[in-house]
Amino acid sequence: MNADLILSRSSYRAGSPVVGTVRIRRAASEANDSNTEQQTHPRPIRDDVASARVYLAGRAHLGSASRGNGTRWRSALEVAQLKKIYGEHACLTMAKVDERARWADEWRDNENAGDMGAEPKVTHVEQAERLAVHTSLHHSKAKQVANTATQPPRNDYSHLPTPHENNAVCVWMTNVLELTKLPERHLDGKCSCKSAELCRCHPRPGRGRYHGDMHPYRPLQLPDLKVVRDVSKGVEDGAGQSLGKTGDADAAPSAWERIAASAKSSNEATMNREAASAIPLEELQLAVSFRADLPPDVPPTMSAECVKYFYSAVLVVTTVQGDLLVTQCPFAVLATNSQHSPQQQAHQTSTTRVHIGDIHAIAHSAGLPTYISSTESSDATPSQLRVVANPPACDIVSRRTAEQRTSTHRIVDGSGSFCGLMTLVGIGGPLVPGTRLGIRVQFPIYDDDEMCNGARIIPCHRVCCALVGEEYAVFEGSAASPAGGDNLQKSKKRVKTRSYVFDSDYEMVDFGYTEAISMGLVLPLDCPVTVCTDLVEVTVRLKVEFIVSRTAISSERDGKGNGANGQGEEFNTIRLDLPCDVVHVDSGADGYREDGEDEERHVSSIRTMQQFWKDDGDGDAAAVGSDANGFDDTDIQSDLKMLSLRLHGDL
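Here the structure is a predicted model, which means the values were calculated and not measured.

Cut-off values and rules
- Residues numbered from 1 in each chain as written.
- Predicted model: local features only at pLDDT ≥ 70, side-chain atom pairs only at ≥ 80, totals over all residues.
- Heavy atoms only, no water.
- Helix = DSSP H or I, 4+ residues; strand = E, 2+ residues; numbered from the N terminus.
- Expected span 1.5 Å × (residues − 1).
- Buried < 20%, exposed > 50% of the residue type's maximum accessible area, 1.4 Å probe, protein only.
- Phe/Tyr/Trp six-rings, centres within 6.5 Å; stacked < 30°, edge-to-face > 60°.
- Lys NZ or Arg CZ within 6 Å of the ring centre and 35° of its normal.
- Pairing = 2+ DSSP bridges.
- Axes fitted to C-alpha atoms, helices over the stretch in contact; angles between N-to-C directions.
- Salt bridge = Lys/Arg side-chain N within 4 Å of Asp/Glu carboxyl O.
- Core = buried A, V, L, I, M, F, W, Y, C linked by side-chain atoms within 4.5 Å.
- Parallel < 35°, antiparallel > 145°, perpendicular 65-115°, else oblique.
- Contact = heavy atoms within 4.5 Å.
- Nonpolar A, V, L, I, M, F, W, Y, C, P; charged D, E, K, R; others polar.
- pLDDT = per-residue confidence, 0-100.
- Polar contact = N/O pair within 3.5 Å; in protein donor to acceptor, adjacent residues only side chain to side chain.

J.: It is not clear to me how unusual backbone geometry should be interpreted in this structure. Could you clarify?
T.: Among all residues save glycine, negative phi is the norm, and among peptide bonds the norm is trans. Not every positive phi belongs to a glycine, and Asn-167 is a case in point at roughly 60°. With respect to the secondary-structure elements, Asn-167 resides in the loop between helix H6 (139-149) and strand E5 (168-174).

J.: Just to check I follow, could you spell out helix H15 (residues 637-648) for this structure?
T.: Count 3.6 residues to each turn of an α-helix, and residues three or four apart come out pointing the same way. For H15, built from twelve residues, the straight-helix expectation of 16 Å at 1.5 Å per residue is met to within 8% by its first-to-last C-alpha distance of 16 Å. Restricting attention to buried positions, one finds in H15 the residues Gln-637, Ser-638, Asp-639, Leu-640, Lys-641, Leu-643, Ser-644 and Leu-647.

J.: Sorry if this is basic, but what is going on with the environment of Ile-636 here?
T.: Here Ile-636 is to be found in the loop between helix H14 (605-608) and H15. For the pair Ile-636 and Pro-17, spaced 619 residues apart in the sequence, the C-alpha separation amounts to 7.8 Å.

J.: How should the packing of aromatic side chains be read in this particular structure?
T.: For any two aromatic rings, the description comes down to two numbers: the centre-to-centre distance and the angle of the planes. This model, assessed by the stated rule, comprises four aromatic pairs. Each ring, one from Tyr-311 and one from Phe-331, has its centre 6.0 Å from the other, and the planes form 35°; the classification is tilted. Linking Tyr-311 in strand E9 (residues 308-319) with Phe-331 in strand E10 (residues 324-334), this pair joins segments that are 20 residues apart in sequence. In terms of burial, Tyr-311 and Phe-331 fall into one category: buried. What links up through ring pairs into an aromatic cluster is the set Tyr-12, Trp-172, Tyr-311 and Phe-331. Sitting above the plane of the Phe-310 ring, Lys-308 keeps its charged end 5.7 Å from the centroid.

J.: Please clarify how the sheet that holds strand E7 (residues 285-293) should be interpreted in this entry.
T.: Think of a sheet as strands paired side by side through backbone hydrogen bonds, with each pair either parallel or antiparallel. If you trace the four strands from one edge of the open sheet to the other, you get E1-E3-E7-E12, paired in antiparallel fashion. Single-partner strands in this sheet number two, and they are strand E1 (2-7) and strand E12 (359-363). Between one strand axis and the next, the sheet turns through 20° on average, direction left out of account. Of the pairings in the sheet, the one linking strand E3 (residues 17-25) to E7 comprises nine bridges and is antiparallel in character. Its bridge partner being in E7, Val-19 is matched across the sheet by Arg-291.

J.: Mind showing me how you'd approach the pattern of salt bridges here?
T.: Two side chains carrying opposite charge are able to pair once their charged atoms lie near each other. By the definition in use, this model includes 21 salt bridges. A single salt-bridge network, built from bridges that share partners, covers Glu-88, Lys-96, Glu-126 and Arg-130.

J.: I tried to follow the nonpolar core on my own but got confused; where do I start?
T.: Counting 86 residues, the largest nonpolar core has Leu-179, Phe-331 and Phe-546 as its most contacted members. The element best represented in this core is strand E20 (residues 536-549), accounting for seven residues. Ranked by size, the runner-up nonpolar core spans 17 residues in total, among them Cys-91, Tyr-157, Leu-324 and Val-326.

J.: How should the sheet that holds strand E15 (residues 436-442) be read in this particular structure?
T.: Reading across the sheet, the four strands line up as E13-E14-E15-E18 and stay open at both edges, with antiparallel pairing between neighbours. Looking at the sheet topology across the chains shown, the edges are occupied by strand E13 (406-412) and strand E18 (516-522). Neighbour-to-neighbour, the strand axes of the sheet open up by a mean angle of 20°, direction not taken into account.

J.: Any chance you could explain the packing of helix H3 (residues 90-104) against helix H5 (residues 124-137) here in plain terms?
T.: Helix-helix packing is characterised by the crossing angle of the two axes and by the distance between the axes. Relative to each other, H3 and H5 sit at 140°, their axes nearing to 8 Å. Looking at the two axes, H3 sits oblique to H5. Side by side, H3 and H5 meet where Leu-92, Ala-95, Lys-96, Glu-99 and Trp-103 of the first sit next to His-124, Val-125, Glu-126 and Glu-129 of the second. Classifying every residue of the contact of H3 with H5 gives four nonpolar, one polar and four charged.

J.: Explanation requested: the confidence of the model for the chain in the structure shown.
T.: Detailed reading of the predicted model is not advised wherever pLDDT is low. With 63% of its residues at a pLDDT of 70 or more, the chain has an overall mean of 75. Mean pLDDT across the elements of the chain ranges from a minimum in helix H10 (residues 342-345), with 41, to a maximum in E5, with 95. Note on residues 202-217: pLDDT under 50 across the span, and 54 contacts to partners over four residues away in sequence or across chains. Long-range and interchain partners of residues 389-396, a stretch whose pLDDT sits below 50, account for seven contacts in this model, where long-range means more than four residues apart.

J.: Could you clarify how one ought to interpret the environment of Ser-232 in this entry?
T.: For Ser-232, the location among the structural elements is in helix H7 (residues 225-236). C-alpha separation for the pair Ser-232 and Ala-255, spaced 23 residues apart in sequence, amounts to 8.3 Å. At 2.8 Å, the side chain of Ser-232 forms a polar contact with the backbone oxygen of Val-228.

J.: What's the story with the pairing of E10 in this structure? I'm lost.
T.: Successive residues of a regular strand alternate their side chains across the two faces of the sheet. Relative to E10, strand E2 (residues 11-13) is paired through three bridges, and the arrangement is parallel. Among the inter-strand pairings, Tyr-12 is bridged to a residue of E10, identified as Val-333. Across eight bridges, the pairing between E9 and E10 is antiparallel. Counted as the bridge partner of Val-316 is Val-326 from E10. A loop of four residues connects E9 with E10, the two strands running antiparallel in sequence, and Gly-322 in this loop sits at a positive phi of about 90°.

J.: Is there a simple way to explain the environment of Thr-634 in this structure?
T.: If you trace the backbone, Thr-634 turns up in the loop between H14 and H15. A distance of 3.0 Å separates a polar atom in the side chain of Thr-634 from a polar atom in the side chain of Asp-632.

Dropping the structure here:
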């Protein structure tokens, strides 16, 4: 048995939905054996699956354990307190309790379950979580674990260390959704009768059934090429045959009618043959598409010195023989600008340590996740795929963005003496890795320069600028009281773990002759984003330093006081420290557009195809955008199309 877990993308923005598809089917060898034993009708795939569960989770690795069970940046006491604070996620605990109950009641008494064996000491969902965490932290050992686990009689991952033993805690997790209990999309209900003769359910066709030619998964109706050649030859020879419809019942069929009739007859013959011998697709596979919305304030995927945040979707399948199949698909969470992101404007950033998500799914074993046209399927062939590299979004900003993110600042010392005017281009909003920043400084040349506004002038000799960053390990917990004893008090500790210098530049200034200077800084593509959680803080700053004379010159150009050219001149420094907000995605930047946003503005394809559903006239308008189980696909059509195109070749 094969269990595949596919996600529509490799990365998702915080606050956006994660969309994926689960497909469970028999392996080629199992299918051949089944067809040999049961030539008439093989056993449905749902009868071989005792349980199929899927969930999404995000974890935080506190660091590898060192001497005393502590890490490099946290003591053993701090690590133990963090594990106690986070504990085991409530969704995982509920899934374990539910699995224990199903082993005791449902699976043990089910006659169709087969020989599932004894109840495992470690539940299957807990074994799956152990495997997901272990393989994410130890990539070199993942293949070895997989090869060891596939040895007979059954897969068993109970020997792997628990997440807490790996110094990993769960920061976000969805409910563990049982997929076998989901009704198929093409049926509104599932028959629960003991036999077909006693069935009184009469489940009516649902949203997956389409009328005639509008069926999205029906083979293309291609005309007979021989008929097309004969018609074309007759038209060229001037046989008097009409291309369009004649409207006369007694007249000979037109060229178009002959071509359409050949396509319809050949396609009907093919479909009749396939219908006589083919097995319903929903009995050969179990296909389910799901969605789970990420919280807007969830930490992004990162690998810092003191903590590592990582996310994955996990599929846990238990067969009727008791075998365990675990499949995980990692994905990255991108930090986005909460000030411009429409998904995050309706949410307020919270300081919650542990997040709980909700996952919804819909079963569509008889077809693809969503409708795709023949043009879309032909354009997605491997020979026609094109990969275009996306340049840095804000490397060359538009005029509108440059005007919005351009600011001018007066540079003065502590006594109010004027040094120059600094213009920052590209700074004033969120930055994306790969962004180019501009700094321009204008200096006064004459005593009566308009930019001085009557202030005294302090000579400048050099200007330095740099993009720097710092990373801190944060601990918010209880610490020993200074008074001693067993009393504990709440405390917050910040320890610097790493410093960054991303780019730097400097220019020398000859006072009285240099009118202006310009410098450029580039934020590297591997720059970390700014993060502030209860475990780590990462900050990025723009530092600018002006090396100036210690005293200002007089208003007259006679060198009174400590002039710029005097011997034994002393220098002073004017420093500016500007915080920068670095994100993965800046949805407020001019010209940026997320993939599929244009398509999502239009009406969902489900609404477009509503007139072709077989709802027997009793459809509910409120359920147009969502199914009975709460699966709403109006905003994820682009993701579902990607999944449909990936599954189209296999179907």
